[in-house]
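This is what each chain is made of:
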Amino acid sequence: MFARLYNWLDERLKLTPIRIALLEEPIPGGASWIYVFGSVTLFAFLLQMSTGMFLMLSYAPTADHAYESVRYIQEEVPFGSFIRSLHHWGASLMMVAIGLHMLQVFLYGAYKRPREMMWLVGVVLFLITLAFGFSGYLLPWDQRAYWATQVGVNIVGTIPLIGDTLVRIIRGGQTLGTLTLSRFFALHTVFLPWLLMGLVVLHLVILRRVGPAGPWDTARAAAIREPFWPRQVAMDAIAMFVAFVILVGLALGLPPSLADRANPADTTFTPVPEWYFLFYYEMLKYFRGRWEIVGTVVIPVLFYTLLFLLPFLDRRPERRPFSRPIAIGAGGVLLVVVFTFLTISLRAVASIPVTDPSVVRGKQLYQYLGCAACHRIHGEGEAVGPDLSYVGTQRDAAWLMQRWKDPESMVRGSIMPAYTGLNDVELRDLTNYMLSLK
Ligand code: HEC
């Protein structure tokens, strides 16, 4: 059945050469689990494309509407919050996968002659992935997005001579606003995807031209030659499936929140970038004043130059890790530095009080309006109305909003006053405070 279908298609599309090119490629040393990370990265990217396209259906990239449109996706669009959550965690998956892929290539010395070009394209792909993360972070236009991006833009501003001009180009004006959002959105959804797809194709074409590197043990590489199909394909597929299961678990278990709407006037907000930028953010704190530029320009430029030039600096054909003390030592030091800063930074982030400012304001309103005259929260206040200690678990936002706006529609003849004098922000703050009572 399948063979007949294949023959039918083959006669019309001449599939055999394509099949041979894609699936029969010999892998020196045979299939291995260690090679799966490139495929997982590509898989993560394809997932980001699909979830991203669905998010675009409801997202509005303007300062006036971006935040509300994300809230709309979260609250109204069917499966909206799940898709947003998948897209959020998919970015992390892609970072982890590309990191492991690079680590494997590095450890195996697979960037060495004749695979230098594959490495160069790979480093550009890595940079594009970072740009994806940075540009996507602004799009929800909440406080976190706004202030983290502000920090990123300030970093660009410290580049000598061209810094100011670059900042103006990135922002599209004097401040972060609608033009910035348009730019980040276009970058995130058009420029970067096309660039990435083109370079992925190039990366794979080069791979097919020079072939995979295989193990560092040349005797083993020469002894065993196994085609890509079926075992390596199966390993890649299983790895993708496992990655997908983890992703869905994270997306369901830890959906990303939406902070308050971006408020350029509120400078008290502590900006926190995504975890994959955290170590760098932490490192920056050690370069203050006139040393700042060391962290914002010198170190990154040095790092990426070294990364690009790696195949041309580490030129001996020897690929065994133990015979490459300098390269492996440098890589090890880098990992230690990254994880040290990341740990310090995660500790610092954990100590930031996580109360949403909206909740704080809601609590103040609750006190100001004298709700405690009728309600009790954890033993404080009177018991005229229901106890509100756990109202956050019993009611949702829509119900509460309705409750404030039109109490008669909820409970006929309620003695609770209608709070019609409050504006939308105040009502939302009050709601958020109620929802925090769990
Ligand atoms: C004069 C007394 C009184 C005051 C003041 C009052 N409430 Fe109420 N509230 C009630 C009574 C009685 C009910 C139960 C009947 C109803 O739902 O109308 C109630 C119900 C509620 C409920 C619904 C609880 C549930 O799960 O059914 C919430 C939430 C609530 N109040 C919040 C507030 C907040 C916030 C304030 C201050 C802005 C406030 N109330 C002020 C008397 C009061």
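Before going into details, it helps to say that this report is about the structure given with it. Bear in mind the structure is a predicted one, so any value in this text is a computation, not a measurement.

Quick word on the coordination of the iron atom of the ligand
Here the iron atom of the ligand is held by the protein donor atoms His-375 (NE2) and Met-416 (SD), which lie 1.9 to 2.0 Å from it. Note that the iron atom of the ligand binds six donor atoms; their angles at the metal cover 87 to 178°, and the shape is octahedral. With His-375 in the loop between helix H15 (357-368) and helix H16 (391-394) and Met-416 in the loop between helix H18 (407-410) and helix H19 (424-435), this pair connects stretches of sequence that are 41 residues apart.

Observations regarding the packing of helix H3 (residues 37-56) against helix H11 (residues 231-253)
The N-to-C vectors of H3 and H11 enclose an angle of 45°; their axes lie 9 Å apart at closest approach. Judged by the angle between their axes, H3 and H11 are oblique. Of the two possible hands of crossing, H3 and H11 adopt the one that is right-handed. Of the residues in H11, those in contact with Ser-39, Val-40, Phe-43 and Leu-47 of H3 are Asp-236, Ala-239, Met-240, Ala-243, Phe-244 and Leu-247. Its residues assigned to classes, the contact of H3 with H11 comprises eight nonpolar, one polar and one charged.

A few points about helix H14 (residues 325-351)
Compared with the 39 Å implied by 1.5 Å per residue over 27 residues, the 39 Å span of H14 between its first and last C-alpha is a close match. Within H14 the residues assigned to the buried category are Ala-327, Gly-331, Val-338, Phe-341, Leu-342 and Ser-345. Here the buried face of H14 lies against helix H5 (80-107) and helix H12 (275-284).

Quick look at the side chain of Asp-260
Tracing the backbone through its elements, the reader meets Asp-260 in the loop between H11 and H12. Judged by relative accessible area, which is 15%, Asp-260 ranks as buried. Look past the residues within four positions of Asp-260 in its chain and what remains in contact with it is Tyr-67, Asp-142, Gln-143, Asp-356, Pro-357, Ser-358 and Arg-361.

Cut-offs and rules
Residues numbered from 1 in each chain as written. Predicted model: local features only at pLDDT ≥ 70, side-chain atom pairs only at ≥ 80, totals over all residues. Heavy atoms only, no water. Donors = N, O, S within 2.8 Å, 3.2 Å for Na, K, Ca; no water. Tetrahedral: all angles 85-135°; square planar, octahedral: opposite > 155°, others 65-115°. Helix = DSSP H or I, 4+ residues; strand = E, 2+ residues; numbered from the N terminus. Axes fitted to C-alpha atoms, helices over the stretch in contact; angles between N-to-C directions. Parallel < 35°, antiparallel > 145°, perpendicular 65-115°, else oblique. Left-handed = near helix turned anticlockwise from the far one by under 90°. Contact = heavy atoms within 4.5 Å. Nonpolar A, V, L, I, M, F, W, Y, C, P; charged D, E, K, R; others polar. Expected span 1.5 Å × (residues − 1). Buried < 20%, exposed > 50% of the residue type's maximum accessible area, 1.4 Å probe, protein only.

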